Amino acid sequence: MKTPRLLWILGCLLVALSGLVACVAPTTPDAAEPMAEAEPEMVEIEYWQYNFEARVLAMDRLIEMFEAENPNIKVVHNSDVPYAEYRDKIAASVPAGVGPDVATLFYGWQTVWLDADYLVPLPEDAFPTAMIDDEFSPLVQASFVDGTLYTIPTAVRALAMFYNKDLMANAGLDPESPPTTLDELASQAAACTVRADNGDYEVQGFVVDLAAQDHHWFREVLVRQFGGEPFSADGQSVTWNSEAGQQAWDYLLKFKTELETGDRDLFDGSTQAFLAGRACFHIDGSFRLGTIANNAPDLNFGVVELPSHNGVQSTFGSYWTHGITQKGASDPARLDAAVKFLQFVTSDEAGSIWVDMVGELPARLNAGSDPDLLADPKLGAFAAGLAYAQATFFVNESDQRQALIDAYDMVVLGGEDQNAALDIAAETVQDILDAHYSQ
Amino acid sequence: MRLTLRQRQVLWAYAFLSVALVFFVIIRWYPALLSFNIAMRDWNTFKGSGPWVGLENYAAIWDDMWKPRSDVRAAFTNTLGYVLYGVPAQMVLALAVALLLDRIRVLSTLFRVAYFAPYVTSAVAVAFVWNWLYLPQTGLLAQVFDILRIPEQPFTKSPDQALASIVAVAVWQTLGYSVIIYLAGIKQIPATYYEAARIDGAAGARLFRHITLPLLNPVIVYLTVLSTISFLRLFALVQNMSPQGTGGPLKSTTTVVLEVYRKGFSSYDMGYAAALTVVLFFVILLITVVQLRFLTRRFEY
């Protein structure tokens, strides 16, 4: 009887194959078999952040310390995903049943992640509200939704202005007196710009790059300095296209359209241009100190607070924050391990290590008010900025940023009237806000 | 029941072949069919599920098509642009290259490799290299233009040139494949036809027009259909050559597949994204059927 056996083999093959394919998704740590050797039972949690060298190194160090203190917890650190794909990868991991137990996210993404029920509230006993109010930077209040805390950061950051001392000296500017007002920034940037005969930029005075930090600078700094408010008091209406907003917008565009101090399409954007010694002034966060230390250690630069205008000082404050995912909360042992891990990475000790390695200031006021920190010639400008920093409440940070990038492109590439372009961007963002608040 | 040796061999053959079939059914067909279901749901990517909403996602696509500065409309018009520029350019260039390659004997393998190499290169790597070549001021093209005293061009940085710049790369990348298929087709044409025609006094362009071209018809149809489909599904190049992978500047390069990706994985609206894929599926189906119907000609000699 040959047939049945052959068919039998065929059938088995099919079943085996479909079984294989069904298991194609990598097994998650929860499938990790309980260790036979009795206690202490090993718990493995998976932690994700996007790839940013200084942060990865700092987190590796923290994990090492944490595991030494908690020998029964193993933290798998996934930092392979580049920034641009980070959110996409996380989203794709969910239906696959894999992904992080603890994830680091930009505070501006929290709304979108919560709309999808991706994050769970942090337990009140481990992170009491009163403790957050007293011991953490006021910026962290943005992590509360209706009084419930969902995420908590290791560090916070503010924007400040980086300046290249050598390029300033070459242009006959005094490298010890960088611009302190917007007018000075405009005039010094123009003076610092060097162009070849064919119009190529050899040195760019100042590059407006909305895809980098300049969209924050516009909303939270320039608009306020020209006498406006970026949003209505309840945060539900866009007001950065008011008359003050138009003046701020005009100031921003002027660097490209009138002063011609640089072009964000050169040298792969404003940040790379500054790192490569091709830009005199650059607005960025303290985290860039870590990048410069690692990638451009010879850059002769300084950092000052953002230029003021009409006597108004402002900066944009923000933070990358850590949350526990549904997957992390699905098993009590893992949730417990995740909470311990979060407590550790948001401790004073972690904050001090973080500021040394990454350049972001500790979110804990205790570690952040360290006098050595405030006196640091580079970190000082950021630390001072935190006192008056403003955080935007984002419904969808990337789409809100894209609206401003598009408005800039409409003017610079499409020849659109600048106020009309700003209104279009405001309308786009208002639609985003309306869609969120009408839910 | 006893099977003959031959029957048993056939059965074994099926056993081994079924591996590929099973793979295909589970990895390709099942998800494809599933997307028809997801398209009828308000499916959040993060949640991995969603309530049934019938045709709402399709209605939303339809509404979005007519909004000012609509992403979806830009995606469809650009995709059409990619096909209209890309397919003819690819067909004509590939045929020209194939005819030239068919003539040469010395170094012909080297040339074939050179033309085919981009096809086996990852689209992401290709995109990065071309990003550098296109770079304003410091890129190779900008420097060559400088030497030749031609004004520098913004290429992918300008809404007017970005689409054409990406088409050029896409054509360059896939040219090798079409060339190889053309070459195979050209080799199939019996030399006696040309000899007979020459005896009758035909030469050059007439040989090409009356012998080569008609006899290549099946190849041309096959390549047109295939390259149309590949341009309709353009994604990796656009994602890696437009600023922040958004299909810009000003949505000038976005494609339907890129919008599917952005809706599904950036806006987390998988239902809408699935509905968009279903629409694209029918567009591809329709275009392919029309092409097969109207391009196929029979020539008897």
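About the cut-offs
- Residues numbered from 1 in each chain as written.
- Chains lettered and ligands numbered in written order.
- Predicted model: local features only at pLDDT ≥ 70, side-chain atom pairs only at ≥ 80, totals over all residues.
- Helix = DSSP H or I, 4+ residues; strand = E, 2+ residues; numbered from the N terminus.
- Buried ≥ 20, exposed ≤ 12 C-beta atoms within 10 Å, placed from the backbone.
- Contact = placed C-beta atoms within 7 Å.
- Rg over C-alpha atoms; globule rule 2.2 N^0.38 Å.
- pLDDT = per-residue confidence, 0-100.
- Axes fitted to C-alpha atoms, helices over the stretch in contact; angles between N-to-C directions.
- Parallel < 35°, antiparallel > 145°, perpendicular 65-115°, else oblique.
- Left-handed = near helix turned anticlockwise from the far one by under 90°.
- Nonpolar A, V, L, I, M, F, W, Y, C, P; charged D, E, K, R; others polar.
- Pairing = 2+ DSSP bridges.
- Right-handed = clockwise from strand over helix to strand, strands pointing away.
- Domains from an automatic or database assignment.
- Core = buried A, V, L, I, M, F, W, Y, C linked by C-beta atoms within 7 Å.

Our next topic: the overall build of chain B. Of regular secondary structure, chain B possesses 13 helices and zero strands. The order of α-helices and β-strands along chain B, N terminus first, is α-α-α-α-α-α-α-α-α-α-α-α-α. With the principal axes as the frame, chain B shows a C-alpha extent of 85 × 70 × 35 Å. Split into buried and exposed, the 301 residues of chain B put 32% on the buried side. For chain B, contacts bridging at least 24 residues in sequence account for 68% of all contacts bridging at least 6.

Counting secondary structure elements, chain A contains 19 helices and 16 strands. Against the compact-globule benchmark of 22 Å for 439 residues, chain A has a radius of gyration of 25 Å, which places it among compact chains. Here the C-alpha coordinates of chain A stretch approximately 90 × 55 × 45 Å along the principal axes. For chain A, restricting intrachain contacts to residue pairs at least 6 apart in sequence, the fraction spanning at least 24 positions comes to 73%.

Confidence in the prediction of chain B, expressed as mean pLDDT, is 91, and 98% of residues score 70 or more. Reported confidence for the predicted complex is 0.86 by ipTM and 0.84 by pTM.

All names here are of chain B. Note the cis peptide between Gly248 and Pro249, where omega equals 0 degrees. Looking at the secondary structure, you find Pro249 in the loop between helix H11 (236-241) and helix H12 (256-266). For Tyr268, which is not glycine, the phi torsion reads 60 degrees and is therefore positive. Its location among the elements puts Tyr268 in the loop between H12 and helix H13 (270-295).

Our next topic: the packing of helix H2 (residues 53-69) of chain A against helix H14 (residues 348-357) of chain A. Residue and element names in this part refer to chain A. Orientation of H2 relative to H14, taken along the N-to-C sense of each, is 150 degrees, at an axis distance of 9 Å. It follows that H2 is roughly antiparallel to H14 by the angle criterion. Crossing handedness for the pair H2 and H14: right-handed. Across the interface between the two elements, Ala54, Leu57, Ala58, Arg61 and Leu62 from H2 touch Ala350, Ile353, Trp354 and Met357 from H14. For the contact of H2 with H14, the residue count by class is eight nonpolar, no polar and one charged.

Regular strands have side chains that alternate between both faces of the sheet. All names here are of chain A. Sheet topology places strand S1 (residues 43-48) next to strand S2 (residues 73-78); six bridges connect them, and they run parallel. Across the sheet, Tyr47 pairs through a bridge with His77, a residue of S2. A crossover links S1 with its parallel partner S2, the connecting element being H2, and its sense is right-handed.

This brings us to the interface of chain B and chain A. In this complex, chain B contributes 32 residues to the contact, which on the side of chain A involves 34 residues. Residue contributions to the side of chain B that touches chain A peak at eight residues, all from helix H1 (residues 5-38) of chain B. A per-class count over the side of chain B that touches chain A returns 16 nonpolar, eleven polar and five charged.

For the rest of this paragraph, the subject is the domain arrangement of chain A. Residue and element names in this part refer to chain A. Each assigned domain of chain A is listed with its residue range as follows: domain 1 (38-157 + 319-390) and domain 2 (158-315 + 394-437). Domain 1 and domain 2 are separated by 28 Å when their C-alpha centres are compared. Counting residues at the interface gives 23 residues for domain 1, matched by 23 residues for domain 2. Those elements that provide at least two residues to the side of domain 1 that touches domain 2 are H2, helix H4 (110-115), helix H17 (379-386) and strand S16 (389-390). Broken down by element, the residue count for the side of domain 1 that touches domain 2 peaks at six residues, all from H17. Along the lines of polarity and charge, the residues of the side of domain 1 that touches domain 2 split into 14 nonpolar, five polar and four charged.

Further remarks concern the packing of helix H8 (residues 210-225) of chain A against helix H18 (residues 397-412) of chain A. A packed helix pair is summarised by two numbers, namely the angle formed by the two axes and the spacing between the axes. Residue and element names in this part refer to chain A. The interhelical angle for the contact between H8 and H18, taken along N-to-C directions, is 100 degrees, at an axis separation of 10 Å. The orientation of H8 with respect to H18, classified from their angle, is roughly perpendicular. Here Leu210, Ala211, His215 and Phe218 of H8 lie close against H18, whose contacting residues are Arg401, Leu404, Ile405 and Tyr408. For the contact of H8 with H18, the residue count by class is six nonpolar, one polar and one charged.

Residues and elements named next belong to chain A. Bridge count for strand S9 (residues 194-195) against strand S10 (residues 201-206) is two bridges, and the pairing is antiparallel. Paired with Arg195 across the strands is Tyr201, a residue of S10. Both S10 and strand S11 (residues 279-285) contribute to a ladder of two bridges, which runs parallel. Opposite Phe206, over in S11, you have Phe281 as the bridge partner.

Glancing now at the nonpolar core. In this structure, Ile45, Ala160, Met161, Cys280, Phe341 and Ala407 of chain A are the most contacted members of the largest nonpolar core, which totals 126 residues. The dominant element in this core, judged by the number of residues it contributes, is strand S8 (residues 155-164) of chain A, at eight residues. Setting aside residues no more than four positions away along its own chain, Cys280 of chain A makes contact with Tyr163, Asn164, Leu167, Met168, Ala189, Cys192, Val203, Gly205 and Phe206 of chain A. Counting residues in hydrophobic clusters, the runner-up holds 50 residues, among them Ile166, Val167, Val169 and Ala170 of chain B.

Now for the environment of Tyr86 of chain A. All names here are of chain A. By the secondary structure assignment, Tyr86 is in helix H3 (residues 83-93). Judged by the 21 C-beta atoms lying within 10 Å of it, Tyr86 is buried. Sequence separation between Tyr86 and Phe274 is 188 residues; the distance between their C-alpha atoms is 25 Å. Apart from residues no more than four positions distant in its own chain, Tyr86 is found in contact with Tyr50 and Val81.

Next up on the list: the environment of Leu299 of chain A. Residues and elements named next belong to chain A. Along the chain, the position of Leu299 falls in the loop between helix H11 (288-295) and strand S12 (301-304). Since 16 C-beta atoms lie within 10 Å of it, Leu299 is described here as partly exposed. Note: C-alpha distance between Leu299 and Asn164 (135 residues apart in sequence) is 7.5 Å. With residues near it in sequence (within four places) discarded, Leu299 still touches Asn164, Leu275, Gly277 and Ile292.

Averaged over all residues, the pLDDT of chain A equals 88, while 91% of them reach at least 70. Taken together, the stretch residues 17-37 of chain A has pLDDT below 50 and engages in 22 contacts with residues farther than four places along the chain or on a different chain.

Here the focus is the environment of Lys187 of chain B. Turning to its location among the elements, Lys187 of chain B is positioned in helix H7 (residues 162-188). For the pair Lys187 of chain B and Gly81 of chain B, spaced 106 residues apart in sequence, the C-alpha separation works out to 33 Å.

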